[in-house]
Structure formats: C-alpha cells, structure tokens
Amino acid sequence: MRRIVCFFAALLASGAAAAQGFPSRSLTIVVPYPPGGLIDIVARIIQPRMQAELGRPVLVENRSGAGGNVGAESVARAAADGHTLLLANPSLGISPSMYPKLAYSPLRDFAYVGLYGTVPNVLVVHPSLPAGTVQELIAHLRKNPGRLNYASTGYGTSPQMSMELFKSMTSTFIVHIPFRGSGPAQAAMLANETQMMFDNLPPQLTHIRSGKVRALAVTGLTRSSVLPDLPTLDEAGLKGYEVTAWFGLVAPPATPRPVVMRLNEALNKTTQDPKVRETLVASGATVIQGTPEQFRDFIKGETVKWAPIVKRANIVPD
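As the structure is a prediction and not an experimental result, all values here were calculated from the model.

**Notes on the overall build of the protein**
Link 1 in the chain: Summing up its helical and strand segments, the protein has 11 helices and 10 strands in all.
Link 2 in the chain: A compact globule built from 318 residues would reach a C-alpha radius of gyration of about 20 Å, and the protein, at 20 Å, matches this within 12%.
Link 3 in the chain: Taking the principal axes of its C-alpha atoms as reference, the protein extends roughly 75 × 40 × 30 Å.
Link 4 in the chain: Here the protein holds 318 residues, and the buried ones make up 55% of them.
Link 5 in the chain: For the protein, contacts bridging at least 24 residues in sequence account for 78% of all contacts bridging at least 6.
Link 6 in the chain: Looking at the protein as shown, the accessible area adds up to about 13,500 Å², and 56% of this sits on carbon and sulfur atoms.

**Points about the pattern of salt bridges**
Link 1 in the chain: Under the definition given, this model contains 12 salt bridges.
Link 2 in the chain: Salt-bridge contacts for Arg-108 lead to Asp-109; the nearest nitrogen and oxygen are separated by 3.4 Å.
Link 3 in the chain: With a relative accessible area of 59%, Arg-108 lands in the exposed category.
Link 4 in the chain: Looking at Asp-109, the relative accessible area reads 9%, which means it is buried.
Link 5 in the chain: Taken together, the shared-partner salt bridges connect Arg-49, Glu-53 and Asp-273 into one network.

**A short note on the side chain of Glu-53**
Link 1 in the chain: As for its position among the elements, Glu-53 is in helix 2 (residues 38-54).
Link 2 in the chain: Not counting residues within four places of it along the chain, the set of residues in contact with Glu-53 comprises Arg-262, Ala-266, Lys-269 and Thr-270.

**Focus: the confidence of the model for the protein**
Link 1 in the chain: With 94% of its residues at a pLDDT of 70 or more, the protein has an overall mean of 92.
Link 2 in the chain: Note on residues 5-11: pLDDT under 50 across the span, and zero contacts to partners over four residues away in sequence or across chains.

**Description of helix 4 (residues 91-98)**
Link 1 in the chain: Of all eight residues in helix 4, six are buried; the element is thus mostly enclosed.
Link 2 in the chain: Turning to helix 4, its buried residues are Ser-91, Leu-92, Gly-93, Ile-94, Ser-95 and Met-98.
Link 3 in the chain: Buried residues in helix 4 make contact with helix 3 (69-76), strand 3 (84-88), strand 4 (111-125), helix 6 (158-170), strand 9 (244-251) and helix 11 (292-313).

**Looking at helix 11**
Link 1 in the chain: Along its 22 residues, helix 11 runs 32 Å from first to last C-alpha, staying within 8% of the 32 Å computed at 1.5 Å per residue.
Link 2 in the chain: Where helix 11 bends most, at Trp-306, the angle is about 25°, and the proline Pro-308 comes one to four residues later.
Link 3 in the chain: Buried within helix 11 we find Pro-292, Phe-295, Ile-299, Glu-302, Trp-306, Ile-309 and Val-310.
Link 4 in the chain: Those residues of helix 11 hidden inside the fold are in contact with strand 3, helix 4, strand 4, helix 6, strand 9 and helix 9 (257-272).
Link 5 in the chain: Positioned one or two residues after helix 11, Asn-314 has a phi angle of 55°, which is positive.

**Some points on unusual backbone geometry**
A negative phi holds for most residues other than glycine; trans holds for most peptide bonds.
Link 1 in the chain: That bond from Phe-22 to Pro-23 is cis: its omega, -10°, falls within 30 degrees of zero.
Link 2 in the chain: Relative to the elements of secondary structure, Pro-23 occurs in the loop between helix 1 (2-20) and strand 1 (27-31).
Link 3 in the chain: We note that Ala-66 has phi near 55°; this positive angle belongs to a residue other than glycine.
Link 4 in the chain: Structurally, Ala-66 can be placed in the loop between strand 2 (58-62) and helix 3.
Link 5 in the chain: A positive phi angle, near 70°, is found at Ala-254, a position not held by glycine.

**Observations concerning the nonpolar core**
Link 1 in the chain: Judged by nonpolar contacts, the single largest core of 49 residues is most densely connected at Leu-87, Tyr-116, Phe-247, Leu-249 and Leu-280.
Link 2 in the chain: If one sorts the elements of this core by residue count, helix 2 sits on top with eight residues.
Link 3 in the chain: Setting aside residues up to four positions removed in sequence, Leu-87 forms contacts with Ile-29, Val-30, Val-31, Pro-32, Ile-39, Val-42, Ala-43, Tyr-116, Phe-247, Gly-248 and Leu-249.
Link 4 in the chain: Core analysis: the next-biggest nonpolar cluster, separate from the first, contains 48 residues, Ala-72, Phe-110, Phe-295 and Trp-306 among them.

**With respect to the side chain of Glu-302**
Link 1 in the chain: Among the structural elements, Glu-302 can be located in helix 11.
Link 2 in the chain: Of the side chains with opposite charge, Lys-305 comes closest to the buried, unpaired Glu-302, at an N-O distance of 4.3 Å.
Link 3 in the chain: In terms of polar contacts, Glu-302 uses its side chain to reach the side chain of Trp-246, at 3.0 Å.
Link 4 in the chain: Leaving out residues up to four positions away in the same chain, Glu-302 has contacts with Gly-93 and Trp-246.

Here is what the cut-offs are and how they apply
Residues numbered from 1 in each chain as written. Predicted model: local features only at pLDDT ≥ 70, side-chain atom pairs only at ≥ 80, totals over all residues. Heavy atoms only, no water. Helix = DSSP H or I, 4+ residues; strand = E, 2+ residues; numbered from the N terminus. Rg over C-alpha atoms; globule rule 2.2 N^0.38 Å. Buried < 20%, exposed > 50% of the residue type's maximum accessible area, 1.4 Å probe, protein only. Contact = heavy atoms within 4.5 Å. Areas by Shrake-Rupley, 256 points an atom, 1.4 Å probe, with all protein chains shown as cover. Salt bridge = Lys/Arg side-chain N within 4 Å of Asp/Glu carboxyl O. pLDDT = per-residue confidence, 0-100. Expected span 1.5 Å × (residues − 1). Bend = angle between axes of the 7 residues up to and from the residue. Core = buried A, V, L, I, M, F, W, Y, C linked by side-chain atoms within 4.5 Å. Lys, Arg positive; Asp, Glu negative; His and termini not counted. Polar contact = N/O pair within 3.5 Å; in protein donor to acceptor, adjacent residues only side chain to side chain.

As structure tokens, this is what we get:
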C-alpha cells in the first residue's frame, strides 16, 4: 500500500512540475485540413491571443489528408507535453464509424482541452442551377438522378455528412466529388465543376454575399445571425434536420492534468476576449466555454449520433 501511495504521489509531483515549467517552448496547433476552411480560420482567430496568454509563440500547421485523420493521428502520437495540439472538429465523432481500421481512438488517444465554438453548415448551389429554394432543388434533383455532382471537404467531414443526410431524407442521388478541404471544394463550385455543396458557413460568407454562389438554407435548428433571412432546412421542409460543425483543442494522451488545465484556462481566457468573440461571432459561430470533461462527453455524443447515419447511408471512403 505504501508503494502505491508513493507511486501516485510521484505522479502528482511530476505533473505539477510539468505544469510549472509549461510552456517551455513554442506550441503548435495542427489543423488537419488545408488553409481557407473553417478549421483553419478558427485556429488563426485564437492564435494571437493564445500566444499572449501562454507567453510563447503559437504556430498553426496545416497537415491534411484522409478526412482529417492524418493530422489527428500525428497529434495522437506526439509527445505528451502539451506543446502539440489538434484543432479538433466533427471528424473525431464521424471517423470511428467510417474507418474500421482507424489508427487512433478519438476517446482513448487524446487529452481533451476544451470546446470553444459551434457553427452551422450552409447549403449552396452554383447560380446556374435552376433552384432558388430547397424544394426547387429537391424537385430538380429528382428529375435528374445521378446527373449532378456535389463537392465535399473530404470523407468523414461535417459537410459530407450534411449532404448524405440530405440525400437520405429527400431520396435523391447526387454524385460525390471529395476534395482535400474547403478551398479546393469551393474552387470546383465556382468553376461549375460541381453544382452544389454543404460547407461550414464562415468560408462561404464572402461568396454568398458576392453572389458567386446561391445559399438555400443553413443546417442548424435556428437561423444564423449573420444570414438572418436564410431559412433552416427544418423550416424549408426537412423536419428535424440538424447538423452543427464544431471546433476545440485536444492534446496527446497522457498529457499531465495540470498542463491540460493550464491550456483550458488559456483557451477560456482567449474566448473571453471581446475581439476574439466578436471575430468568431462575425463568422457565424457561437462561442462556448467549458471543461475538458464536458468536451469529452460532447465527443461521446457525436460518436453515438453519427454511427447509425453512416451505417444507414453506407458511407465508405473510396
């Protein structure tokens, strides 16, 4: 018994020592997608304030591939000292159902720091498409099964799942063209290589306001404050339709608890900053603050939510 007590006392002491010296160098936030998409945008919004809170440089590194899994796995295998973080996103709740041989476990292989925002997705179409409403789009798709393409930001991403849920609820068939992130998917839409897509709201706002794409609806149960005239899909006739993208920070497993709590404190202080909050809200996001435990419970719920949808739609990466 004495040895056990001494062992745990040593663990606590080492964790406290790690926290006192943390951070000892620059930190890296790994964004598992290319530049230009939601996850990249919200990482760069918090970057300057996180630097100020932690007193060390905070770098953003884009490491994309496999629907966000390349970047996620790299963080799961990184040194457990809190200096390498992942900009966590909906793929952590979706990938376990899509990839039976996933090289990491979202619930086992991360230390959760905190969730800091949610944002709806938006359904957009190319202006040449003869559809000004969701119901007009559904009618057009049913008359042209398999003749239209939709872009996604990659397999296992929130935009892809949004469209697959839409297809399931409307009994329509649209060909999936996956891309490695929002930027390439947007480019295909603007070039009319694909005719429609769901995307996170922030990267689409400029194109919507310029008229380069036509927005038909958002995926939340309530309208977006930045596009208040745009209906929800639930309002547009797909009762109960709801998909919400989200973002937060996670660290490698076995990161000492005091280090995790220091990061959580820095993140919450960052999102309390009026300029940070205003920038996130202006992008269509809802700012959230909470504990590591609340974030982990949130991921559990996301995993349970998406598993039956992936199975029902038979969604598999090519």
